[in-house]
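# Fold and contact review
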Amino acid sequence: MNFQQVFGKPPETEASAPGRVNLLGEHTDYNDGFVLPTAIPQSTTVQLGFSSDAQHHFYSENLNEQVSISDINHQPSGFASYIFGCIELLQKAGYTIPPLCVYVNSSVPMGSGLSSSAALEVATLRALRQLLNLPIDDVEIAQFAQQAEIQYAGVQCGIMDQMASSLADTEHILFLDTRTLERRVMPLPEKAEILVIDSGVPRTLVSSGYNQRRAECEEAARSLGVKALRDITDVNVTKILPEPLQRRARHVVTENNRVLEVLQGVTSERFGELMNASHASLRDDYEVSVPALDRLVEILQKTEGVFGARLTGAGFGGASVALVRSGESKGIATHVLEQYNQAGYNGRILVPSLGLSDAA
Ligand code: GLA
């Protein structure tokens, strides 16, 4: 079903936004720290038209589901909550949003840690900006999108995903200082490309585990007398903390230092080592990995042509990211998936995206 078939008329406008994969700097953004994401080729498209009644109507092509909202006090769940959140936040900021027909179609894998929700929020806000000529820039779009996630989806997330979806492209890495929002567009490491493989293990307990980690970091920062863990650069300072706060803080401090090392300029080999160290830190200190991801990452790290690999996104399941020699990602993926799936898992390659046109 397309927009015309669902709503009986063509859309007025449409906009898209990509998912993202984070190469380094995990669980640092809500600590005012540093991140290095890039956009992935898969994206979400939102088409908009004016509603002919007083209700908003949202349709998801992927879910084949329609949600109509008549009572503005009744907050929807699922995909509609993100769109509803964006509309509500714009209204609260003083913009008048008329009743709308919204049609969503996405090729961003859901539940793999590639920010399908940020892509939906940013695409929705871009389409609204176009339709209503809203004077908001790309950074403000990311900020509204982050608030939609926090206030309407209940995840106390940082701003990395929404900034990546709003500002990154697939050819570069986006270095972002999440405190100042200062950013730098950097080339991918030399003679390297990105491989993303889904572990096939759906993410569980993401929001509860995530919000708990965030609370632990805030407690650690309070105990150390700093505004955020970003303000600690010497890992030895964290030794006075009780466990598990010490391990959590150690991850954040070492992870920020890894990102800052990349900013100085590193080889692909060194970039890979930093990714491997990041995975160990996420597994042992931050405790957001799962056995399947550890297995997948271990196989990747042992494979010829792989510079480094780690889990990506919040963890608790989802995808791995690897930096591999240029032109070798598909061959490496085949080899890795053979071993991984033999161990009883159901992994699949997500980037480079095979069959993107089928999914779109
Ligand atoms: C999720 C959040 C981000 C970030 C990552 C972990 O993707 O939405 O803000 O915290 O987890 O790095």
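Let me sum up the structure you'll find in this document. (Residues numbered from 1 in each chain as written. Predicted model: local features only at pLDDT ≥ 70, side-chain atom pairs only at ≥ 80, totals over all residues. Heavy atoms only, no water.)

### Quick word on the packing of helix α7 (residues 245-263) against helix α8 (residues 268-284)
Viewed as axis vectors pointing N to C, α7 and α8 meet at an angle of 170°, and their least axial separation amounts to 10 Å. Relative to α8, the element α7 is oriented roughly antiparallel. Across the interface between the two elements, Arg-247, His-251, Thr-254, Glu-255, Arg-258, Glu-261 and Val-262 of α7 pack against Arg-270, Phe-271, Leu-274, Ala-277, Ser-278, Ser-281, Leu-282 and Asp-284 of α8. (Axes fitted to C-alpha atoms, helices over the stretch in contact; angles between N-to-C directions. Helix = DSSP H or I, 4+ residues; strand = E, 2+ residues; numbered from the N terminus. Parallel < 35°, antiparallel > 145°, perpendicular 65-115°, else oblique. Contact = heavy atoms within 4.5 Å.)

### Section: the state of the cysteines
Taken as a whole and assessed by the stated rule, the structure comprises zero disulfides. For the unlinked cysteine Cys-157, the closest cysteine sulfur is that of Cys-86, found at 12 Å. Note on Cys-157: relative accessible area 6%, which makes it buried. Here Cys-217 is not disulfide-linked; the sulfur of Cys-157 is the nearest cysteine sulfur, at 14 Å. (Disulfide = S-S within 2.5 Å. Buried < 20%, exposed > 50% of the residue type's maximum accessible area, 1.4 Å probe, protein only.)

### Focus: unusual backbone geometry
The step from Glu-243 to Pro-244 runs through a cis peptide bond, and the omega angle for that step is 5°. Relative to the elements of secondary structure, Pro-244 occurs in the loop between α6 (206-224) and α7. That bond from Val-351 to Pro-352 is cis: its omega, 0°, falls within 30 degrees of zero. One non-glycine residue, His-27, adopts positive backbone phi at about 60°. Tracing the sequence through the fold places His-27 in the loop between β1 (13-22) and β2 (34-35).

### Remarks on the site of the ligand
Taken together, the neighbourhood of the ligand is formed by Arg-20, Glu-26, His-27, Asp-29, Tyr-30, Cys-157, Gly-158, Met-160, Asp-161, Tyr-210 and Ala-314. In the model, an oxygen atom of the ligand is placed 2.6 Å from a nitrogen or oxygen of the His-27 main chain. Between the ligand and the protein, one listed contact pairs an oxygen atom with a side-chain N or O atom of Asp-161 at 2.6 Å. Protein coverage of the free-state accessible area of the ligand, which is 310 Å², stands at 93%. Considering only residue class, the shell around the ligand consists of five nonpolar, two polar and four charged. (Near = heavy atom within 4 Å. Polar contact = N/O pair within 3.5 Å; in protein donor to acceptor, adjacent residues only side chain to side chain. Areas by Shrake-Rupley, 256 points an atom, 1.4 Å probe, with all protein chains shown as cover. Nonpolar A, V, L, I, M, F, W, Y, C, P; charged D, E, K, R; others polar.)

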